[in-house]
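# Descriptive structure summary
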Amino acid sequence: MSYGAEYQATKGVLRTGTYSEAVLRELLALLAEQAQQAGWAAFDGGREREATALYRESRATAEEAGAGDLARNALAFLAYQAGPTDAQAAATITARSCAAITEQTPATVRALLWERYAWALAVAGDASGTDEALHTADTALDSADADEPQPDWSAWVGRAELDIMAGRCWTELRRPLRAVPLLLRGLVRFDDAHARGEALYLT
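Model, not experiment: these values are computed from the prediction.

### Digging into the environment of alanine 137
Checked against the element boundaries, alanine 137 lands in helix α7 (residues 127–142). Ignoring sequence-local partners within four residues, the contact set of alanine 137 consists of Ala111, Trp114, Glu115 and Leu162.

So, in structure tokens, the structure goes:
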């Protein structure tokens, strides 16, 4: 089943069932997460308008569920999509997502939002801002407690991811001496399950 089909199936469950308030919130949060996955698949497939609609639906649904971190992640996705055509708008959107971080925001979510802000700043040509955002993402990941639960949608964020994103940022800023060591260090941690990403980053 595709991400889009899963999203529509959950929508159907919500339309036809009756749930307690707690279960309803969980279902809405699941729907918001599925909308982000479907949005990314649409974006990756070149279906820009569909991706935008899904990201916006995700944000609204996450806010309805009281899932602030998911709502902030939807903003970051919208910014990532906007970056190639409106770098300043993307930087503004991701700045908003980071400004809304709270003390309760899990470490991997904080790292994810800050690295996406770093990317937006890199696309906008702001080297110093990029460096600061990457440092903040790194600090957020350092603060992770082994016993702290992380959302499934951000649990994949680790050292390899931060190295790759930092390398991508410095590549975008035409700083190869900073980019190459980070990309190589990140790629060493990739296994065969990341063949597509590895091929892209090796270029």
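Structure's up, so let's keep going.
### Topic: the environment of alanine 91
Residue placement: alanine 91 occurs in helix α5 (residues 87–99). Accessibility expressed as a relative area gives 9% for alanine 91, which makes it buried. On a C-alpha basis, the gap between alanine 91 and alanine 79 in space is 7.0 Å, while along the polypeptide they are 12 residues apart. Leave out the neighbours within four places in its chain, and alanine 91 touches Tyr117, Ala120 and Leu121.

### Structural notes on the nonpolar core
If you look at the biggest cluster of nonpolar residues, it comprises 49 residues, and the most contacted ones within it are Ala62, Ala67, Leu70, Leu113, Leu134, Cys169 and Trp170. Ignoring any residue separated from it by four or fewer positions in sequence, one finds cysteine 169 in contact with Ala118, Trp119, Ala122, Thr130 and Leu134. Counting six residues, the second largest nonpolar core, distinct from the first, contains Ala42, Phe43, Ala51 and Phe77.

### Regarding empty space enclosed by the protein
For the structure on display, the rule yields one cavity of 30 Å³ or more. In this structure, the largest cavity spans a volume of roughly 50 Å³. As for the largest cavity, its lining consists of Ala76, Ala79, Tyr80, Gly83, Ala90, Thr94, Arg116, Trp119, Ala120 and Val123. Counting residues per element, the ones that place at least two in the lining of the largest cavity are α4 (68–82), α5 and α6 (107–123). Of all the elements, α6 adds the most residues to the lining of the largest cavity, at four residues. In the lining of the largest cavity, the residues fall into seven nonpolar, two polar and one charged.

### Here we look at the packing of aromatic side chains
For any two aromatic rings, the description comes down to two numbers: the centre-to-centre distance and the angle of the planes. On inspection of all chains with the given rule, the structure shows seven aromatic pairs. With a centroid separation of 6.0 Å and 80° between ring planes, the pair formed by phenylalanine 43 and tyrosine 80 is classed as edge-to-face. Here tyrosine 80 lies in helix α4 and phenylalanine 43 lies in helix α2 (residues 21–44), a separation of 37 residues in the sequence. Looking at arginine 168, its charged tip hangs above the ring of tryptophan 119, at a distance of 4.3 Å from the centre. Between arginine 178 and the ring centre of tryptophan 170, over which it is positioned, the NZ or CZ distance is 4.0 Å.

### Quick look at the packing of helix α3 (residues 48–65) against α4
Relative orientation of the contacting elements α3 and α4 amounts to 160°, with a least axis distance of 8 Å. Judged by the angle between their axes, α3 and α4 are roughly antiparallel. Considering only the axes of α3 and α4, their crossing is left-handed. Of α4, the residues touching α3 (which contributes Glu48, Ala51, Thr52, Tyr55, Arg56, Ser58, Arg59, Ala62 and Glu63) are Leu70, Ala71, Ala74, Leu75, Phe77, Leu78 and Gln81. Split into classes, the residues belonging to the contact of α3 with α4 amount to nine nonpolar, three polar and four charged.

### Focus: the confidence of the model for the protein chain
Confidence along the protein chain averages 91 in pLDDT terms, with 99% of residues attaining 70 or more. Taken element by element, the predicted model of the protein chain shows its lowest mean pLDDT in helix α10 (residues 195–202) (76) and its highest in α7 (96).

### Description of unusual backbone geometry
Of note, the phi angle at arginine 174 is positive, near 60°, even though the residue is not glycine. Here arginine 174 falls in the exposed class, since its relative accessible area comes to 66%.

### Remarks on the side chain of serine 58
Its location among the elements puts serine 58 in helix α3. In this structure serine 58 comes out as buried when scored by relative accessible area, which is 0%. Every residue in contact with serine 58, bar those within four places of it in the chain, is listed here: Ala32, Ala35, Gln36 and Ala74.

The rules behind each value
- Residues numbered from 1 in each chain as written.
- Predicted model: local features only at pLDDT ≥ 70, side-chain atom pairs only at ≥ 80, totals over all residues.
- Heavy atoms only, no water.
- Helix = DSSP H or I, 4+ residues; strand = E, 2+ residues; numbered from the N terminus.
- Contact = heavy atoms within 4.5 Å.
- Buried < 20%, exposed > 50% of the residue type's maximum accessible area, 1.4 Å probe, protein only.
- Core = buried A, V, L, I, M, F, W, Y, C linked by side-chain atoms within 4.5 Å.
- 1 Å grid on protein atoms, 1.4 Å probe; cavity = no way out; pocket = protein on both sides within 12 Å on 5 of 7 lines; lining within 4 Å.
- Points joined across faces, edges and corners; volume = space filled by probe spheres on them.
- Nonpolar A, V, L, I, M, F, W, Y, C, P; charged D, E, K, R; others polar.
- Phe/Tyr/Trp six-rings, centres within 6.5 Å; stacked < 30°, edge-to-face > 60°.
- Lys NZ or Arg CZ within 6 Å of the ring centre and 35° of its normal.
- Axes fitted to C-alpha atoms, helices over the stretch in contact; angles between N-to-C directions.
- Parallel < 35°, antiparallel > 145°, perpendicular 65-115°, else oblique.
- Left-handed = near helix turned anticlockwise from the far one by under 90°.
- pLDDT = per-residue confidence, 0-100.

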